[in-house]
Amino acid sequence: GAVVSQHPSWVICKSGTSVKIECRSLDFQATTMFWYRQFPKQSLMLMATSNEGSKATYEQGVEKDKFLINHASLTLSTLTVTSAHPEDSSFYICSARPTGLNEKLFFGSGTQLSVL
Amino acid sequence: GENVEQHPSTLSVQEGDSAVIKCTYSDSASNYFPWYKQELGKRPQLIIDIRSNVGEKKDQRIAVTLNKTAKHFSLHITETQPEDSAVYFCAATPNYGGATNKLIFGTGTLLAVQP
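Residues numbered from 1 in each chain as written. Chains lettered and ligands numbered in written order. Predicted model: local features only at pLDDT ≥ 70, side-chain atom pairs only at ≥ 80, totals over all residues. Heavy atoms only, no water.

Caption draft 1: Structural context of the nonpolar core. Within the largest apolar cluster, 25 residues are counted, with the highest numbers of intra-cluster contacts made by Trp35, Phe73, Leu75, Tyr88 and Leu111 of chain B. When contributions to this core are tallied by element, the ones reaching two or more residues are β2 (10–14), β3 (19–25), β4 (30–38), β5 (45–51), β7 (62–67), β8 (72–77), β9 (86–94) and β11 (109–114) of chain B. Aside from chain neighbours lying at most four places away, what touches Leu111 of chain B is Leu11, Val13, Ala19, Ile77, Asp84, Ser85, Ala86 and Tyr88 of chain B. Listed in part, the 23 residues of the second largest apolar core include Cys23, Met47, Ile69 and Leu113 of chain A. (Core = buried A, V, L, I, M, F, W, Y, C linked by side-chain atoms within 4.5 Å. Buried < 20%, exposed > 50% of the residue type's maximum accessible area, 1.4 Å probe, protein only. Helix = DSSP H or I, 4+ residues; strand = E, 2+ residues; numbered from the N terminus. Contact = heavy atoms within 4.5 Å.)

Caption draft 2: How the structure looks around the interface of chain B and chain A. Each partner contributes to the interface: chain B provides 22 residues, whereas chain A provides 23 residues. Approximately 1,900 Å² of surface area, both sides summed, lies buried where chain B meets chain A, with 50% of it carried by carbon and sulfur atoms. One can count two salt bridges joining chain B with chain A. A salt bridge links Lys104 of chain A to Asp49 of chain B; its shortest N-O distance comes to 2.5 Å. At the surface where chain B touches chain A, the tally comes to eight residue pairs in polar contact (both at pLDDT 80 or more). A class-by-class count of the residues in the side of chain B that touches chain A yields eight nonpolar, nine polar and five charged. (Buried area = accessible area lost by both parts, 1.4 Å probe. Salt bridge = Lys/Arg side-chain N within 4 Å of Asp/Glu carboxyl O. Polar contact = N/O pair within 3.5 Å; in protein donor to acceptor, adjacent residues only side chain to side chain. Nonpolar A, V, L, I, M, F, W, Y, C, P; charged D, E, K, R; others polar.)

Caption draft 3: Quick look at the environment of Asn31 of chain B. Residue placement: Asn31 of chain B occurs in strand β4. Separated by 16 residues in the primary sequence, Asn31 of chain B and Glu15 of chain B have C-alpha atoms spaced 33 Å apart.

Caption draft 4: View of the state of the cysteines. Evaluated as defined, the whole model comprises two disulfides over all chains. The disulfide partner of Cys23 of chain A is Cys94 of chain A, and the S-S distance across this bridge is 2.0 Å. Every disulfide takes its handedness from the sign of the S-S torsion; for Cys23 of chain A and Cys94 of chain A that torsion is 80°, giving right-handed. Of this pair, Cys23 of chain A sits in strand β3 (residues 19–25) while Cys94 of chain A sits in strand β9 (residues 90–97), placing them 71 residues apart in sequence. Taking relative accessible area as the criterion, Cys23 of chain A reaches 0% and is therefore assigned buried. Of the residues examined, Cys94 of chain A reaches a relative accessible area of 0% and is grouped as buried. Disulfide pairing places Cys23 of chain B opposite Cys90 of chain B at an S-S distance of 1.9 Å. Judged by the torsion about the S-S bond (-100°), the Cys23 of chain B/Cys90 of chain B disulfide is left-handed. With Cys23 of chain B in strand β3 and Cys90 of chain B in strand β9, this residue pair connects regions lying 67 residues apart in the sequence. Pair check on accessibility: Cys23 of chain B and Cys90 of chain B agree, each one buried. Cysteine Cys13 of chain A is unpaired, with the sulfur of Cys94 of chain A as its nearest cysteine sulfur at 18 Å. (Disulfide = S-S within 2.5 Å.)

Caption draft 5: How the structure looks around the sheet that holds strand β7 (residues 67–73) of chain A. Residue and element names in this part refer to chain A. Taken together, four strands build an open sheet; the order of strands is β1-β3-β8-β7 and the sheet is antiparallel. Across the chains shown, the open sheet's two edge strands, defined by having one partner strand only, are β1 (4–7) and β7. Taken pair by pair, the neighbouring strands of this sheet meet at an average axis angle of 15°, ignoring direction. Pairing geometry for β3 and strand β8 (residues 76–81), over six bridges, is antiparallel. Looking at β8, one finds that Arg24 is bridged to Leu76. (Pairing = 2+ DSSP bridges. Axes fitted to C-alpha atoms, helices over the stretch in contact; angles between N-to-C directions.)

Caption draft 6: A look at the pattern of salt bridges. Under the counting rule described, the total for this entry stands at seven salt bridges over all chains. Through salt bridges with shared partners, a single network forms among Lys104 of chain A together with Asp49 and Lys57 of chain B.

Caption draft 7: Examining unusual backbone geometry more closely. Here the residue pair His7 of chain A and Pro8 of chain A is connected by a cis peptide bond, since its omega of -5° sits within 30 degrees of zero. Within the element layout of this structure, Pro8 of chain A appears in the loop between β1 and β2 (10–13). Residue Pro8 of chain B follows His7 of chain B across a cis peptide bond; omega there is -5°. Structurally, Pro8 of chain B can be placed in the loop between β1 (4–7) and β2. For Lys41 of chain A, which is not glycine, the phi torsion reads 60° and is therefore positive. Relative to the helices and strands, Lys41 of chain A is located in the loop between β4 (32–38) and β5 (44–51).

Quick look at the structure:
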């Protein structure tokens, strides 16, 4: 149980284009999902908290207009990197918390984004 | 906000030896402390967790200890095996009673178990 699916697993795009990443909880409902960014050999940095049916909460320094988050259902959150630039290249990973639990997080498999 | 520090950044041990990774946290409201193992290019996997009302928890070769007063917690791996080689992250969650409690990660420890 507690499987989180993330797609795509890797994507290469041209500078200036937008990329959408999907995060799905397959066997549980998740009112809250989290998006992290990870640079090589570094830790997971929280970008934003995705709340079903409401606006996402962004961490300090994260541009909400650049990283659009939509959490339209209890099993799906999407992260769209708009007008991507090479410095946006990174490993993006989502996590989901089963509704009713305040602690355990389960992670997606991550998306490696490379912007040319 | 919460800040989690983790040491060492790299750790090399011989197979069969024990490994210890230590973390400190800053927010006294944190009451949930998980440890994740991440292999290269893969998702973090929860290996053990502890809540603030418990001082120690063990699961086979893995144990975690928590000192609330000092605000630090440690991961102990005994009888290490080559497949234990990975990056280990500690994390802390300040629990304010809601589902949006954030998980703040430490900086990670690259554990290498030499055969």
